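Single-letter residue listing:
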Amino acid sequence: MARIKALHGPIPLIPPVSPSALPSRPSSSVPAGLPLAIIGAGQAGLSLSALLQEAGVEHRVLEAETVGASWQRRWDSFQTNTANATMALHGHAYSGDDPEGFMGAPEVIRRLRDYADERVLPISEGCAVHRVAPECGSYAIDSSQGLIHARAVVVATGEYRRARMPRVPFAPALGLAVLHSGDYRSARQLPDGAVLVIGGGQSGAQIAQDLRDSGRNVYWSLAQRHSHTRRLRGKDSMTWWDMAGRIHQHVSEAAGVLAGEPDALRKARTAEFPLISGKGSGGLGSSISLLAMHRAGIRLLGRLQGFDGSIARFADVRPQLRTAIEATRAEYAYLDSLASAYYATRPEPRTDDARYIPEEVYLHWEPDASPRELDLRPAGIRSVVLATGFVAEWPWLDVPGALDAHGYPLGEFGVSPQPGLFFIGMHNLQRMSSSFLCNGGRDARDLLPAILQHLGRSDRVDSDAG
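The following paragraphs examine the structure supplied in this document.

Reading the values: the criteria
- Residues numbered from 1 in each chain as written.
- Predicted model: local features only at pLDDT ≥ 70, side-chain atom pairs only at ≥ 80, totals over all residues.
- Heavy atoms only, no water.
- Helix = DSSP H or I, 4+ residues; strand = E, 2+ residues; numbered from the N terminus.
- Rg over C-alpha atoms; globule rule 2.2 N^0.38 Å.
- Buried < 20%, exposed > 50% of the residue type's maximum accessible area, 1.4 Å probe, protein only.
- Contact = heavy atoms within 4.5 Å.
- Areas by Shrake-Rupley, 256 points an atom, 1.4 Å probe, with all protein chains shown as cover.
- Lys, Arg positive; Asp, Glu negative; His and termini not counted.
- Charge placed at Lys NZ, Arg CZ, Asp CG, Glu CD.
- Salt bridge = Lys/Arg side-chain N within 4 Å of Asp/Glu carboxyl O.
- Polar contact = N/O pair within 3.5 Å; in protein donor to acceptor, adjacent residues only side chain to side chain.
- Pairing = 2+ DSSP bridges.
- Axes fitted to C-alpha atoms, helices over the stretch in contact; angles between N-to-C directions.
- Parallel < 35°, antiparallel > 145°, perpendicular 65-115°, else oblique.
- Left-handed = near helix turned anticlockwise from the far one by under 90°.
- Nonpolar A, V, L, I, M, F, W, Y, C, P; charged D, E, K, R; others polar.

**Side note on the overall build of the protein**
Here comes step 1: When you go through the protein residue by residue, the secondary structure sums to 10 helices and 22 strands.
Here comes step 2: Its C-alpha atoms give the protein a radius of gyration of 23 Å, within 12% of the compact-globule value 23 Å for 466 residues.
Here comes step 3: Considered along the principal axes of its C-alpha atoms, the protein spans approximately 65 × 65 × 45 Å.
Here comes step 4: Within the protein, buried positions represent 51% of all 466 residues.
Here comes step 5: Restricting the contact set of the protein to residue pairs at least 6 apart, pairs at least 24 apart contribute 72%.
Here comes step 6: When the accessible surface of the protein is summed, it comes to about 20500 Å², and 51% of that surface belongs to carbon and sulfur atoms.
Here comes step 7: Distance between charge centroids for the protein: 3 Å, based on 48 positive and 49 negative side chains.

Structure, rendered in structure tokens:
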């Protein structure tokens, strides 16, 4: 059983359990001077590396652990939220025998590593970056493999770096096991008894389901999210959204941005993805239905407002649920209209996809009042899982004028105002798919012209290729 540390007062920001390391592949020593260094070997960093390789740009990918290591930080039953058929890196599309299925983390890791090996990408694993600072028109990178000088640096580590704690007063009692979702693997880690899950995004919903499936009594404090319909009329919902041009739509083309609405670009970049799951008994994923979770015995609570000792306080859940129900029904109606237009000129297959529709779409549901205050002890709750997300953090990035007051990169769509500094692979940085496995190198191809220009290259790049 993984060790759980009771937390009280200041909350450690680093998960206490680290995944076992994947074996590193042999790599040559890192050159002391480079035209460009990519920091991070995730889907975005690998796609950009492949693109630079094709363009003949010497570079090196610096990876603190191993390719795919971040995917080890997923719970045991985790599956991706996008279907296998949509997985795409630059110049690579899924060609397996289960296009409508959903990969587990080990399969994702294997495919990322295979891609890096097949392309013979210049990756230095086990090369941790300690500091990046400007130096004489380039950048000095202090790494575990020595000092590296690069004319340009691309930050491709993603923003899910440090566990975020609740944004309200949070001082749990001694003896209460508290675990962040980044360190959750299965119910076996937790002491016997009921579990309170705090946080209503993808991780919160799926971990609440995983705990309930394991036989635990579960209380779930929601955020303001509605549910996607997983499948509809013969196709995965992501296929319908892709056909509508939404998944890969650039944030600059969002309706509010085009209409000139105030703060529209920030809203497009911070928009949260609705609830959906790749885990399903039929192998084709499932919709996360709030009503179905309620009917399964998961106690739905409002947003957390405070936690002191063994007493947790919550907002009224009913307004949140009513808003979520309305949004879920509206999205279903939109997808159904896309399907009707598509099948107006072609035969529609017979399916059993109706079972994927969230129950709140077709069943009347007037949510009951939920507790505004909960004493965990009489409720039998002995552990808390914090699915409260992560904070963007690059403590090693010592480049003045690169980040705003919230730690978000300044500049335009990954091109920093600091010459030669770039970002890629962050949530909604360029498009909804920016941090998804289905991005297919689109962000990398968009970023490449600015990189080449900085390096003094005038190559023309077809941004629609691949």
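Back to the text.
**Focus: the pattern of salt bridges**
Here comes step 1: Under the defined criterion, the tally for this structure stands at 22 salt bridges.
Here comes step 2: A salt bridge links Glu366 to Arg322; the nearest nitrogen and oxygen atoms lie 2.8 Å apart. A residue pair is termed long-range when its members are at least 10 positions apart, and Glu366 in the loop between helix H9 (359–362) and strand S19 (373–375) and Arg322 in helix H8 (residues 317–343) qualify at 44 residues.
Here comes step 3: In this structure Glu366 comes out as partly exposed when scored by relative accessible area, which is 43%.
Here comes step 4: Put simply, Asp375 and Arg377 hold a salt bridge, and the shortest N to O gap is 3.7 Å.
Here comes step 5: Taking the relative accessible area as the measure of exposure, Arg377 reaches 64% and is therefore exposed.
Here comes step 6: One salt-bridge network, held together by shared partners, links Glu107, Arg110, Arg111 and Asp114.

**Thoughts on the side chain of His180**
Here comes step 1: By secondary structure assignment, the location of His180 is in strand S11 (residues 177–180).
Here comes step 2: In this structure the side chain of His180 is engaged in a polar contact, spanning 3.0 Å, whose partner is the backbone nitrogen of Gly182.
Here comes step 3: Within the local environment of His180, its side chain forms a polar contact with the backbone oxygen of Gly389, the two atoms lying 3.0 Å apart.
Here comes step 4: Every residue in contact with His180, bar those within four places of it in the chain, is listed here: Ala163, Arg164, Met165, Leu386, Thr388, Gly389 and Phe390.

**Concerning the sheet that holds S11**
Here comes step 1: Spatially, the 5 strands line up as an open sheet ordered S11-S20-S12-S13-S16, and their pairing is parallel. Lying at the two open borders of the sheet, with one neighbouring strand each, are S11 and strand S16 (299–301). Within the sheet, the average angular offset between the axes of one strand and its neighbour, ignoring direction, is 20°.
Here comes step 2: In the sheet, strand S12 (residues 194–198) pairs with strand S13 (residues 218–221) via 4 bridges, with the strands oriented parallel. Paired with Leu196 across the bridge in S13 is Tyr219.

**Re the packing of helix H1 (residues 43–54) against helix H10 (residues 442–454)**
The axes of two packed helices give the description: the angle between them and the distance between them.
Here comes step 1: Look at H1 against H10: their axes get within 10 Å of each other, and the N-to-C directions meet at 50°. Our classification of the angle between H1 and H10 gives oblique. For the pair H1 and H10, the crossing hand works out as right-handed. Contacts from Ser47, Leu48, Leu51 and Leu52 in H1 reach Ala444, Arg445, Leu448 and Ile451 in H10.
Here comes step 2: Of the residues assigned to the contact of H1 with H10, the class counts are 6 nonpolar, 1 polar and 1 charged.

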